[in-house]
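If you want the building blocks of each chain, they are given just below.
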Amino acid sequence: MMLSKDEINRYEKQIRVNSIGYEGQQKLKQGRVLVIGAGGLGCACLQYLTAAGVGHLIIIDGDVVSESNLQRQTLYHTDDIGLPKAETIAAKLKKQNPFSEIRFLNEFLSVNKAIELIPQFDLIIDCSDNFGTRYLINDVCVAFQKAFISAALFQTEGQLGVFNLRLDNNFSANYRDVFPESDKSNSALDCHAAGVLATLPGLFGIMQANEAIKYFVSPSTCLINELLILNAVSMQQFRLKLTSATGVVVPLDRIQEYRYNLPCAKQDNTEMNETQISLVLNGNWAIIDVRDSNEEPSLKNSQIQNYPLQKVLSNHEGLKQHQNMLMVCRSGQRSRQAAGYLREVYPDKNIYSYKHGIEHLLEVLNHVK
């Protein structure tokens, strides 16, 4: 696939790099990449993949832009609040580089969608924020022999790996080889609950893009059987050597039946909005605040009980006496996770998440009074 004169002018500085050259730039133009997640990691990763000249990109994310995203998801602006992330970011990337084909899907990754999409691409980049999605990506990539790049963040520290990469007739370690699934996987906090330094997603998103460029141009230089860990405060980094693939595989015929913890996919039937709040006021409902006890605003309402998310996930016995529960937090993210988890534990109870957050709920309750 030849480069046009305009493309050569655009990528001139990169083509001059000995390890890239004209041939490497052609490989990038031919590359087909699926990016899962358009949050902090996705914003940085997608921006540099597009600028570098990756020819075919598709973005999948079912979330919308919120004000709390703007601190680290730097492609979004205040005017974008409430708009679909995938569609919004795709429009901006098309302006950045008209030579890249940019497509989007305004939906969260499901099992069926993963099986449909992943085989169509050369490389998968995991910019998600939960273990369930990572395990799903891993299993489908292993089934279809696709490499994927994954990054994960916690407050001021991140980790980066390239998984299931094929060199000769061997594959590097896959995600389950490094992180065996356990009960703790489902209780891990995402950025909404744990917080994250603003610059950290940018650092790791750029490193994901860097690994993607290497994958197309010179795959042997990627992080093969290594996990890179960086602390953004101390700027200390180190690499963990990983053993090669150990054969931990979920067969393709089991993936559709496998119980992945995909919290985003549960939002349609676990969330309650302000028009439904009369159910809570007129019935025997407990309102469960799953924020940490030191978060503001503090609540003085006999109907609201503080029960932090980590406690919900590790010791839910204190809630079993309630038949009807409305979970609430600052933004609706932790409460949705709590509601989804408790519905699995107590399938006969009525359990919902309040999608607009605690401050909005207090306004609604005060207005009704």
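Each residue is numbered by its place in its chain's sequence as written, counting from 1. Side-chain atom pairs in this predicted model are given and counted only at pLDDT of 80 or more, local residue features only at pLDDT of at least 70, and totals for whole chains, interfaces and linings cover all residues. Note that the side-chain values use all heavy atoms of the structure and ignore hydrogens as well as water.

Undergrad: Sorry, what's going on with the overall build of the protein chain here?
TA: Each helix corresponds to a stretch of at least 4 residues labelled H or I by DSSP, and each strand to a stretch of at least 2 residues labelled E; elements are numbered beginning at the N terminus. Helices and strands together make up the secondary structure of the protein chain, namely 17 helices and 15 strands. Throughout, exposure labels follow a simple rule: accessible area from a 1.4 Å probe, protein chains only, divided by the maximum for the residue type, with under 20% read as buried, over 50% as exposed, and the rest as partly exposed. Counting all 369 residues of the protein chain, 51% fall into the buried class. Taking all contacts inside the protein chain whose residues are at least 6 apart in sequence as the whole, residues at least 24 apart take part in 68%. For the protein chain, the accessible surface area stands at approximately 17,400 Å², while carbon and sulfur atoms represent 48% of it. The contact criterion used is simple: two residues touch if any of their non-hydrogen atoms lie within 4.5 Å. All accessible areas in this document rest on Shrake-Rupley with a 1.4 Å probe, and a residue is counted as covered only by the protein chains that are shown.

Undergrad: What is the right way to look at empty space enclosed by the protein in this model?
TA: A cavity, in this analysis, means grid points on a 1 Å lattice covering only the protein atoms where a 1.4 Å probe fits yet has no way out; a pocket is instead an open set bounded by protein on both sides within 12 Å along at least five of seven lines, and a residue lines either one if it has an atom within 4 Å of a point. Grid points are joined across faces, edges and corners, and a volume is the space filled by probe spheres set on the points. Within this structure, the stated rule accounts for two cavities of 30 Å³ or more. Space inside the largest cavity adds up to approximately 40 Å³. In terms of lining residues, the largest cavity is bounded by Arg134, Ser150, Ala151, Ala152, Gln159, Leu160, Gly161, Phe163, Tyr175, Phe179 and Leu227. Taken together, the elements giving at least two residues each to the lining of the largest cavity come down to strand 5 (147–154) and strand 6 (157–163). For the lining of the largest cavity, the element with the most residues is strand 6, which contributes four residues. A class-by-class count of the residues in the lining of the largest cavity yields seven nonpolar, three polar and one charged. Polar here means any residue other than Ala, Val, Leu, Ile, Met, Phe, Trp, Tyr, Cys and Pro, which are nonpolar, and Asp, Glu, Lys and Arg, which are charged; Gly is therefore polar.

Undergrad: Explain the pairing of strand 15 (residues 350–354) to me, please; I cannot follow it from the model alone.
TA: In regular strands, side chains alternate between the two faces of the sheet. When DSSP finds two or more bridges between a pair of strands, those strands are recorded as paired. In terms of strand pairing, strand 11 (residues 271–272) meets strand 15 through two bridges, oriented parallel. Bridge pairing in strand 15 links Glu271 to Ser353.

Undergrad: Which parts of the structure should I look at to understand the confidence of the model for the protein chain?
TA: Detailed reading of the predicted model is not advised wherever pLDDT is low. On average, residues of the protein chain carry a pLDDT of 87, and 89% of them reach 70 or more. The quantity called pLDDT is the predictor's confidence in a given residue, expressed from 0 to 100. Counted against residues more than four places away or in other chains, residues 264–268, with its pLDDT under 50, gives seven contacts.

Undergrad: Honestly, helix 5 (residues 85–96) in this entry has me stumped. Any pointers?
TA: The periodicity of an α-helix, 3.6 residues per turn, causes residues three or four positions apart to be oriented the same way. Between the first and last residue of a helix there are one fewer steps than residues, each counted as 1.5 Å, and that sum is the expected span. Counted at 1.5 Å a residue, the expected span for helix 5 with its twelve residues is 16 Å, and the 17 Å between its end C-alpha atoms agrees. Looking at helix 5, one finds that the buried residues are Lys85, Ala86, Thr88, Ile89, Ala90 and Leu93.

Undergrad: Looking at this structure, how should I read the pattern of salt bridges?
TA: Any two side chains of opposite charge can pair, on the condition that their charged atoms come close. Salt bridge criterion: a side-chain nitrogen from Lys or Arg within 4 Å of a carboxyl oxygen from Asp or Glu. Applying the stated criterion to the full structure yields 16 salt bridges. Residue Glu101 is joined to Arg103 by a salt bridge in which the shortest nitrogen-to-oxygen separation is 3.6 Å. Note on Arg103: relative accessible area 35%, which makes it partly exposed. Across the pair Asp289 and Arg291 runs a salt bridge whose closest N-O atoms are separated by 3.0 Å. Across the pair, exposure class does not vary: Asp289 and Arg291 are buried alike. Shared partners join several salt bridges into a network, and the residues in it are Glu12, Lys13 and Arg16.

Undergrad: When you look at the sheet that holds strand 13 (residues 304–306) in this model, what are you seeing that I'm missing?
TA: Within a sheet, adjacent strands bond to each other through the backbone by hydrogen bonds, running parallel or antiparallel. Pairing within the open sheet is parallel, and its five strands lie in the order 11-15-14-12-13. In this open sheet, the two strands that pair with only one neighbour each are strand 11 and strand 13. Axis angles are defined between N-to-C directions and span 0 to 180 degrees, where every axis is a line fitted to C-alpha atoms and, for a helix, only to the segment in contact. Along the sheet, helix 16 (residues 333–345) contacts strand 11, strand 14 (324–328) and strand 15; its crossing angle with strand 15, the most-contacted strand, is approximately 170 degrees.

Undergrad: Looking at this structure, I do not really get unusual backbone geometry. What am I missing?
TA: Apart from glycine, the bulk of residues carry a negative phi angle, and the bulk of peptide bonds sit in the trans form. Located in the positive-phi region is Asn164, a residue other than glycine, with phi close to 60 degrees. Judged by its relative accessible area of 5%, Asn164 is buried. Look at Asn225: it is not a glycine, yet its phi comes out positive at around 55 degrees. Along the chain, Asn225 turns up in the loop between helix 11 (199–217) and strand 9 (226–231). Judged by its relative accessible area of 16%, Asn225 falls in the buried class.

Undergrad: Would you mind going over the sheet that holds strand 10 (residues 237–241) with me for this structure?
TA: Strand order in the open sheet formed by eight strands is 3-2-1-4-5-6-9-10, with mixed pairing between adjacent strands. Looking at strand neighbours, the two that pair on one side only are strand 3 (101–105) and strand 10, the edges of this open sheet. Recorded for the sheet is a direction-independent mean angle of 15 degrees between the axes of neighbouring strands. Note that strand 6 and strand 9 share five bridges and pair antiparallel. Bridge assignment links Glu157 to a residue of strand 9, and that residue is Asn231.

Undergrad: What am I meant to see in the side chain of Glu295 here?
TA: Note that Glu295 resides in the loop between strand 12 (286–289) and strand 13. By the criterion applied in these results, polar contacts are pairs of N or O atoms within 3.5 Å in which, for protein atoms, one can donate a hydrogen and the other can accept it, and in which residues neighboring in sequence qualify only through two side-chain atoms. At 2.9 Å, the side chain of Glu295 forms a polar contact with the backbone nitrogen of Asp292. At 2.7 Å, the side chain of Glu295 forms a polar contact with the side chain of Arg334.

Undergrad: I tried to follow the nonpolar core on my own but got confused; where do I start?
TA: Within soluble globular proteins, side chains that are nonpolar generally end up buried alongside one another. Only buried Ala, Val, Leu, Ile, Met, Phe, Trp, Tyr and Cys residues count toward a nonpolar core, and they belong to the same one when joined by side-chain atoms within 4.5 Å. Judged by nonpolar contacts, the single largest core of 45 residues is most densely connected at Val33, Leu49, Ile59, Ile89 and Ile125. It is helix 11 that contributes the most residues to this core, seven residues altogether. Those residues within four positions of Ile59 in sequence are excluded, and the remaining contacts are Val35, Ala38, Leu46, Ala86, Ile89, Ala90, Leu93, Ile102, Arg103, Phe104 and Leu105. In this structure, Tyr175, Phe179, Leu227 and Leu242 belong to the second largest nonpolar core, which totals 28 residues.

Undergrad: I'm lost on the packing of aromatic side chains in this one. Help?
TA: Any aromatic ring pair is given by two values, namely how distant the centres are and how the planes are angled relative to each other. Here a Phe, Tyr or Trp ring, Trp counted by its six-membered ring, pairs with any other such ring whose centre lies within 6.5 Å, and the pair is stacked when the planes are under 30 degrees apart, edge-to-face when over 60, and tilted otherwise. A full pass over the atoms with the stated rule returns eight aromatic pairs. Between the aromatic rings of Tyr175 and Phe179, the centroid separation amounts to 4.9 Å while the plane-to-plane angle is 35 degrees, which identifies the pairing as tilted. Consider the rings of Tyr258 and Tyr260, whose centres lie 4.7 Å apart with planes at 45 degrees: the pair is tilted. Tyr258 sits in the partly exposed class, given a relative accessible area of 22%.

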